[in-house]
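A closer look at the structure
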Amino acid sequence: MVKGALALCALVSVLTTVGIVVALLQPSIEFFREINFIDYITGTDWAPLFEPARFGVLPLIVGTLSVTFWACFVCIPFGLGSAIYLSEYARPRVRRLLKPALEVLAGIPTVVYGFFALTFFTPLLQDVGTGVGIFNALSAGIVMGVMLIPTVASISEDAMSAVPRDLRAGGYALGASRLQVSTRVVVPAAISGIVASFVLAVSRAIGETMIVLIAAGTLPQLTLDPRESVETMTAFIAATGIGDVPTGSVEYKTIFAVGLTLFCFTLVMNMVAIRLVRRYREAYE
Amino acid sequence: MSARVRGGLFHAALLVSVAIGLVLLATLLVDVLRKGLPFVDGVLLTSPPSSDPDRAGARPAILGTIELMALLLVMAVPLGVGTAIYLEEYADRERWYNRLLEVNIQNLAAVPSIVYGILGLAFLVRGLGLGRVLLAGAMILTLLVLPILIVASREAIRAVPDSIRQGAYALGATQWQVVSRQVLPAAIPGIATGSILALSRAIGETAPLLLVGALTYVSVNPTLFGDFTALPIQIFQWIGRPQENFHSLAAAGIIVLLGLLLTMNAFAIWLRNRYEKNW
Amino acid sequence: MSETHPNLVRIERTATSSDPPLSAEAVFDVLDLRVSYNGKAALQDVSLQVYRQNVTAFIGPSGCGKSTFIRCFNRMNDLIPGALVEGTVRYHDRDLYAPDVDAVEVRKRIGMVFQKPNPFPKSIYDNVAFGPRVLGMTGDLDERVEEALTRAALWDEVGGRLKESALSLSGGQQQRLCIARCLAVQPDVLLMDEPASALDPISTTRIEDLMHELKRDYTIVVVTHNMQQAARVADRTAFFSVDVDEGGHRTGVLVEYDLTEKIFTNPSDPRTEGYVTGRFG
């Protein structure tokens, strides 16, 4: 009986997933009855609130991927570098100090990062002469990348710590340097965990809302130039959700269609990441 | 390039990696403090927002955030702890539905926060007809933090040594007696710490609240079934204003928000250190 | 063997003539017991009887299933997933493993003390009071706690500080606390799984003295890897050993069960003789 009550608690999480799927699918199905799916997925003009309305989602996808690219440009090398440092180079006392310090980066609310990107980083980039606009993908991407450094660092470091000491000892005993042992013994041994951290970071970047909403703008442009303003899937959903869109209208349903597109991206990435993490955990436990 | 030089450069590059994040963090904090500190005053904390930056405050937003936290405490913690107890003490791991449950929770932890907002929009605001009210916001945040809470609670429960359970069973206690009188009390410090950390994540969330209707201009104090706003939303609204002073106000709001977060996390760490059990 | 083997260790029996006579009433009657974990047999073909107001010891090399066996008496093996108990264990003529028997009820009558003392992270008082509380025993709780602690020879040491944490006690005190905890629910039987193996020699002696005291009112079964301890405290001793089959799989078996005196001075089975003379094990 107690077990039943507790199982009901557990049921909430199941219902959440069901709810998400239904909430996304139902309006999307209605949406795609009105709007041709091929036009949606290949169209290069996104203007759902204009006359005549256009529903090509590519600008949103490209916008998302553009920002994600710059985020990865920052978080992958620096995250991995931090992980290698913490795992192979740092003394225990230093490690005990630095690890939580990096975690603080992960704990800062995203709206704060958005503020920072818009009011400090963009002007900085402008002063340096890169020619970025007030809203641009570069600023949002780089700041998001810094926010994601702890994600890459902590999972990669976990994976590297799980590599048995014997492997390292074998490398050192052969006369290899710390650089060689780290990069040729430890990293390859921990590779599935490290890749999992990259995949997770990408997934988080794709799903991030506030930084891009504030710093990248809400102008859907199909461009790879990071100095331009772009609109990501998440920014569009947020901006439309804030506004007054009549329930049941096509414009209202775009929230869900884009949401579904977003969800598919992140779902695939998350499943890959989880499978990779399980693989590296199994290898050593 | 000799091996030593290469090794040295590599080491330096690694240090730069670590430094970049920390330097940026420091820059961010300094920048926010510089812009916002002059504006952190009684006006900020006690006045409603206004179109005049000199008279604008964040009172409804601060109250909204506090009320959201209180609701989360009441809703999310029992659900999360209950699920954790079920998974750790009662569920048969071999069963497919229990394994599915675990996978499900793992997936939910990685869903973008805005999708929770969409969930709330579809079911609570429009579906159930709750409207854009505080309760809807609290419910959605509950679902958002549930996976984190479950994981933290499970770890706290798992940390209780099995010898305690065996001793209690051997005395003739039923399973629920063992769980409620031995396991849970011993796990409470860990659960409390985890709950506070989960809550601190929740109060920084903006995106789901945007969709569930934290309106960006609310001048009345939030009530359960009325219009509401929260601190991150208020900050966001101020950022959106073109005037320079509103940016400073936003920075001031950020200082309050970060202060709140710092306090919560410090409390969690203190709790953990004070009640850390050495088995 | 008809005479005492010269290599036998000198045994100091602490039994005195004022001890009660060895009773012949069977508390437990085990028939053809077999315990397996996930299909692999850990213990098989065990049949013996445990008598009232006796101290019965199970001895044998490690891995011979002594702990597995003792856990059958209070159905603690139920808590291990994959464990299967076959055969019969009768307690006062009732089948312990009958489908209508509630394991929780069983454990109220048959208490257990573990190898590593496992006091609850609560006060001394709350540790002893836990059993009576969850079992809904009426009567003065303070009295019950004091009585249990007195019987466990711990009252003198902790009577004045019952609110202190149980974890602040020494190892030997913690184990006596665990014994007091068991006694507080007024069991019929006390199972002790290597109760002194984690303790220093002085604490060990005190626990052994306690066993002598307690056997007047309780039936005691003790698992020990220390032969001398069995010789010192037990009225009857069962010697277990390990059978290795062609596949290399090890299963525990009961070799010999008799009065302790006989096991140690004149064992019937050569394996027993080998163990008690120290030739192996």
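For clarity, every value in this text was computed on a predicted model and none was experimentally measured. (Residues numbered from 1 in each chain as written. Chains lettered and ligands numbered in written order. Predicted model: local features only at pLDDT ≥ 70, side-chain atom pairs only at ≥ 80, totals over all residues.)

Looking at the overall build of chain B
Across its full length, chain B holds eleven helices and zero strands. Starting at the N terminus and walking to the C terminus, you meet the elements of chain B as α-α-α-α-α-α-α-α-α-α-α. With the C-alpha coordinates aligned to their principal axes, the bounding extent of chain B is approximately 70 × 70 × 35 Å. Put simply, 74% of the contacts in chain B that link residues at least 6 apart link residues at least 24 apart. (Helix = DSSP H or I, 4+ residues; strand = E, 2+ residues; numbered from the N terminus. Contact = placed C-beta atoms within 7 Å.)

Let's talk about the overall build of chain C
From N to C terminus, chain C includes ten helices and ten strands. Its C-alpha atoms give chain C a radius of gyration of 19 Å, within 12% of the compact-globule value 19 Å for 281 residues. Considered along the principal axes of its C-alpha atoms, chain C spans approximately 55 × 45 × 35 Å. Taking the intrachain contacts of chain C between residues at least 6 apart in sequence as the baseline, contacts between residues at least 24 apart amount to 72%. (Rg over C-alpha atoms; globule rule 2.2 N^0.38 Å.)

Thoughts on helix 1 (residues 2-34) of chain A
The end-to-end C-alpha distance of helix 1 of chain A is 49 Å, a good match for the 48 Å that 33 residues give at a rise of 1.5 Å each. Every buried residue of helix 1 of chain A is listed here: Leu 6, Cys 9, Ala 10, Ser 13, Thr 16, Ile 20, Ala 23, Leu 24, Pro 27, Ser 28 and Phe 31 of chain A. (Expected span 1.5 Å × (residues − 1). Buried ≥ 20, exposed ≤ 12 C-beta atoms within 10 Å, placed from the backbone.)

Quick look at the interface of chain C and chain B
Listed by partner, the interface residues are 21 residues for chain C and 15 residues for chain B. Secondary structure elements with two or more residues in the side of chain C that touches chain B: helix 2 (103-109), strand 6 (110-113), helix 3 (124-135) and helix 6 (171-183) of chain C. No other element matches helix 3 of chain C, which puts four residues into the side of chain C that touches chain B.

Looking at the interface of chain B and chain A
Taken together, the contacts link 60 residues of chain B with 61 residues of chain A. The set of elements that each furnish at least two residues to the side of chain B that touches chain A consists of helix 1 (3-36), helix 3 (59-90), helix 4 (96-109), helix 5 (113-127), helix 6 (134-158), helix 9 (207-212), helix 10 (231-239) and helix 11 (244-275) of chain B. Considering every element that reaches the side of chain B that touches chain A, the biggest residue donor is helix 1 of chain B, with 17 residues. Counted by class, the side of chain B that touches chain A contains 43 nonpolar, 14 polar and three charged residues. (Nonpolar A, V, L, I, M, F, W, Y, C, P; charged D, E, K, R; others polar.)

Regarding the sheet that holds strand 4 (residues 83-91) of chain C
In any sheet, the strands associate via hydrogen bonds between backbone groups, in a parallel or an antiparallel arrangement. Residues and elements named next belong to chain C. One open sheet holds the ten strands; their spatial order is 5-4-1-2-10-9-3-8-7-6, and the pairing between them is mixed. The two strands at the open ends of the sheet, each matched to only one other strand, are strand 5 (94-95) and strand 6. Pairing geometry for strand 9 (residues 236-244) and strand 10 (residues 250-259), over nine bridges, is antiparallel. Of the residues in strand 10, the one forming a bridge with Asp 243 is Thr 251. Against the sheet, helix 6 engages strand 6 and strand 7 (189-193), with an angle of about 170° to strand 6. (Pairing = 2+ DSSP bridges. Axes fitted to C-alpha atoms, helices over the stretch in contact; angles between N-to-C directions.)

Notes on the confidence of the model for chain B
Chain-level statistics for chain B give a pLDDT mean of 87 and a share of 95% at 70 or above. Looking across chain B, the model is least confident in helix 2 (residues 42-46) of chain B, with a mean pLDDT of 78, and most confident in helix 7 (residues 162-170) of chain B, with 94. (pLDDT = per-residue confidence, 0-100.)

Looking at unusual backbone geometry
Residue and element names in this part refer to chain C. Phi angles above zero are rare outside glycine, and Asp 32 is one such case at about 50°. Note on placement: Asp 32 falls in strand 1 (residues 26-37). Among the residues examined, Asp 32 registers 11 C-beta atoms within 10 Å and is labelled exposed.

Some words on helix 4 (residues 141-151) of chain C
Residue and element names in this part refer to chain C. Considered for burial, the residues of helix 4 that qualify are Arg 144, Val 145, Ala 148 and Leu 149. Take helix 4 and look down its axis: the buried residues cluster within an arc of 125°, on one side only. Every exposed residue of helix 4 that faces more than 90 degrees away from the buried side is listed here: Asp 142 and Glu 143. Buried positions along helix 4 lie against helix 3, helix 5 (155-158) and helix 6. Where helix 4 terminates, the next one or two residues include Ala 153, which has phi positive at roughly 60°. (Arc of directions from axis to C-beta.)

Quick notes on the nonpolar core
Counting residues in hydrophobic clusters, the biggest one holds 271 residues, and the most contacted among them are Val 143 and Val 152 of chain A together with Ile 118 of chain B. Among the elements that line this core, the one with the most residues is helix 6 of chain B, at 17 residues. With sequence-adjacent residues up to four places away left out, Val 143 of chain A is seen in contact with Tyr 113, Phe 116, Ala 117, Phe 121, Ile 211 and Ala 215 of chain A. (Core = buried A, V, L, I, M, F, W, Y, C linked by C-beta atoms within 7 Å.)

Looking at the environment of Ser 165 of chain C
Residue and element names in this part refer to chain C. Tracing the chain through its elements places Ser 165 in the loop between helix 5 and helix 6. The partly exposed category is assigned to Ser 165, around which 15 C-beta atoms lie within 10 Å. As a C-alpha pair, Ser 165 and Arg 109 span 56 residues in sequence and 27 Å in three-dimensional space.

Focus on the pairing of strand 6 of chain C
Residue and element names in this part refer to chain C. Both faces of strand 6 are covered, namely the face carrying Ile 110 and Met 112 and the face carrying Gly 111 and Val 113. As paired strands, strand 6 and strand 7 are joined by four bridges and run parallel to one another. If you follow Val 113 over to strand 7, its bridge partner there is Met 192.

With respect to the packing of helix 3 of chain C against helix 6 of chain C
Residue and element names in this part refer to chain C. Here helix 3 crosses helix 6 at 35°, and the two axes come no closer than 7 Å. Note on packing geometry: the crossing formed by helix 3 with helix 6 is right-handed. Counting all contacts with helix 3, which are made through Ile 124, Asn 127, Val 128, Phe 130 and Gly 131, the residues of helix 6 involved are Leu 177, Ala 180 and Arg 181. Here the contact of helix 3 with helix 6 is built from residues that sort into five nonpolar, two polar and one charged. (Left-handed = near helix turned anticlockwise from the far one by under 90°.)

Some remarks on the pairing of strand 8 (residues 219-223) of chain C
Looking along a regular strand, one sees the side chains alternate between the two faces of the sheet. Residues and elements named next belong to chain C. With five of five residues buried, strand 8 is to be regarded as a mostly interior element. Of the two faces of strand 8, the one holding Thr 219, Val 221 and Val 223 and the one holding Ile 220 and Val 222 are both buried throughout. Both strand 3 (residues 55-59) and strand 8 contribute to a ladder of four bridges, which runs parallel. Counted as the bridge partner of Phe 58 is Val 223 from strand 8. With five bridges connecting them, strand 7 and strand 8 associate as parallel partners. Each bridged residue has a counterpart across the sheet, and for Met 192 the counterpart in strand 8 is Val 222.

Things to note about the confidence of the model for chain C
For chain C, the average pLDDT comes to 87, and 91% of its residues sit at 70 or higher. Scored by ipTM, the complex comes to 0.90, with pTM at 0.84.

A short note on the packing of helix 6 of chain B against helix 8 (residues 175-203) of chain B
All names here are of chain B. Taken N-terminus to C-terminus, the directions of helix 6 and helix 8 make an angle of 145°; their axes are 8 Å apart at the nearest point. Note on packing geometry: the crossing formed by helix 6 with helix 8 is right-handed. Contact residues: Leu 141, Leu 144, Val 145, Ile 148, Leu 149, Ala 152, Ser 153, Glu 155, Ala 156 and Ile 157 in helix 6; Val 183, Ala 187, Gly 190, Ile 191, Gly 194, Ser 195, Leu 197, Ala 198, Arg 201 and Ala 202 in helix 8. Tallied by class, residues from the contact of helix 6 with helix 8 come to 14 nonpolar, four polar and two charged.

Concerning the environment of Ala 106 of chain A
Residues and elements named next belong to chain A. Along the chain, Ala 106 falls in helix 4 (residues 92-107). Sequence separation between Ala 106 and Pro 226 is 120 residues; the distance between their C-alpha atoms is 24 Å. Here Ala 106 is in contact with Pro 150 and Thr 151, once residues within four sequence places are set aside.

Comments concerning the environment of Pro 81 of chain C
In this fold, Pro 81 of chain C is placed in the loop between helix 1 (66-72) and strand 4. Distance from Pro 81 of chain C to Ile 70 of chain C, taken between C-alpha atoms, is 17 Å for residues eleven residues apart in sequence.

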